[in-house]
Amino acid sequence: MSPFNLQTCARSNILALEPYRCARDDYKDNGTNILLDANENAYGPSLRADAVSAASYSSGPGIDLLGLHRYPDPHQEDLKQLLCNLRNTHHHTDKAITPDNLFVGVGSDEAIDTLLRCFCVPGQDRILVCPPTYGMYSVSAQVNDVDLVKVPLLPAPGFGLDTEKVTAALSNEKNVKLVYVCSPGNPTGTLIAKEDVKAILEHPTWNGVVVVDEAYIDFAPEGASLAEWVAEWPNLVVMQTMSKAFGMAGIRLGAAFTSPPIARLLNSLKAPYNISSPTSALASYAVSKEGISTMRANLAKLVKQRERLIEEIPKIKGVGRLRGGTAGNYLLYEILNAQGEPDNVAALAVYEKLAENRGVVVRFRGKEHGCLGCLRITVGTEEEVTRFLAALKTTIAEVNGGNSVAASNEEKKEVEANSIVS
């Protein structure tokens, strides 16, 4: 078992924190109360009646625009229960998670930042990341004056977790409080093995928290999510988002499933009303029976297009190997130069020409560890995939037939030095 001890792992000032409380923590609005506690505008939102009517029609079910002058529910119990219902699959445990296991925030990014502020003393503690991975772990760490320990994933195409080196780093490196693991990986698309996560959780001497970022988990095989597994591990956090499979990126809603003690700390840190009423209403509908049915129908269409890309992309001359896995709604492919080698200059040229000449925007990932010459391609609609495949074929032919790849060593170095990857 893990030696995890929340009292010595979390920051002492956070453990002692008295969370902000409002009168509605004690007295819920029952629809008839006169609410004179929060300095709200009792006359309602600054919206004309005709604007409210039109906006309500277009906003979808459950949106009460006339209620926008009231602060939203600070606890989001109903939304949390719906998220628990979604993830209580019993693939990994007979136990059930409840709203006590949840923190909800403004996208997964709020959870990433809140965990850092909860556990890492600025200028002292560190986090461990496994590149190539999501860039916000390092950005948020830098904002919070927290250093990184980097243990790269195993080489492509596997891009699995190097558990031996991760556990060794946790044994030898001082003040590592958090391990961030992206599964499916971004940009790799690889699902991290449950046994590898367990190996870190069971580290015999490390007192820290394992954070598994499952932003793309619904594109992975059924039962892949470890969200309910937090009922078994006191030091596991599983982050998810409404931005990907649910197609709700614009509402900015993320969730962190974890043990009740950690969830209480995270909820103590957050702003009292961090989830807006429209966000809550839209998210609640998205994870209702009707919303999940729509999500799964769209998911099936995207998976079909993902399989189409896997079949068609390798037929294009100048495309190299698929690097990583296929558990996300994106694929990572090499772009080859005229000599048939993975090449950042060629990949960057294809990336730029696709966007500037053909209006097709993908991501250049060649500067990330193990991703030489790679583009990350998001799976689109059938029409978008058709347009992309045609544009990619023409663009690669142009690049490899022109002067873009025949750059001098000095030009190549300059291109690579100026390649910005986030």
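Labelled according to an unreviewed UniProt entry, the protein chain appears under the name histidinol-phosphate transaminase, originating from Diatrype stigma. Here is the UniProt Cofactor (unreviewed entry) comment for the protein chain, exactly as written: "pyridoxal 5'-phosphate". Checking UniProt for the protein chain, the heading Catalytic activity (unreviewed entry) contains the comment "L-histidinol phosphate + 2-oxoglutarate = 3-(imidazol-4-yl)-2-oxopropyl phosphate + L-glutamate".

(A) Local environment of the sheet that holds strand S4 (residues 176-182). Spatially, S1-S7-S6-S5-S4-S2-S3 is the arrangement adopted by the seven strands of the open sheet, whose pairing is mixed. Where the open sheet ends on each side, the last strands, each with one partner, are strand S1 (102-105) and strand S3 (147-150). Each strand of the sheet is rotated relative to its neighbour by a mean of 25°, with strand direction disregarded. Lying over the sheet, helix H5 (residues 77-87) contacts S1, strand S6 (236-241) and strand S7 (254-257), oriented at roughly 115° with respect to S1.

(B) Expanded view of helix H14 (residues 382-401). Along its 20 residues, H14 runs 29 Å from first to last C-alpha, staying within 8% of the 28 Å computed at 1.5 Å per residue. Among all positions in H14, only Val385, Phe388, Leu389, Ala391, Leu392, Thr395, Ile396 and Val399 are buried.

(C) Quick peek at the state of the cysteines. Counted according to the given criterion, the structure contains zero disulfides. Unpaired in this structure, Cys130 has its nearest cysteine sulfur neighbour in Cys182, at a distance of 10 Å. Residue classification places Cys130 among the buried positions, given a relative accessible area of 5%. Cys374 provides the cysteine sulfur closest to Cys371, a residue in no disulfide bond, and the two sulfurs are 5.1 Å apart.

(D) Structural detail: the pairing of S7. Both faces of S7 are covered, namely the face carrying Gly254 and Ala256 and the face carrying Ala255 and Phe257. Both S1 and S7 contribute to a ladder of four bridges, which runs antiparallel. Each residue of the ladder has a partner; that of Phe103, found in S7, is Ala256. Alignment of S6 against S7, held across four bridges, turns out to be antiparallel. What sits directly across from Met239, in S7, is Ala256.

The rules behind each value
- Residues numbered from 1 in each chain as written.
- Predicted model: local features only at pLDDT ≥ 70, side-chain atom pairs only at ≥ 80, totals over all residues.
- Heavy atoms only, no water.
- UniProt positions renumbered as here; feature names shortened; annotations may be inferred.
- Pairing = 2+ DSSP bridges.
- Helix = DSSP H or I, 4+ residues; strand = E, 2+ residues; numbered from the N terminus.
- Axes fitted to C-alpha atoms, helices over the stretch in contact; angles between N-to-C directions.
- Contact = heavy atoms within 4.5 Å.
- Expected span 1.5 Å × (residues − 1).
- Buried < 20%, exposed > 50% of the residue type's maximum accessible area, 1.4 Å probe, protein only.
- Disulfide = S-S within 2.5 Å.

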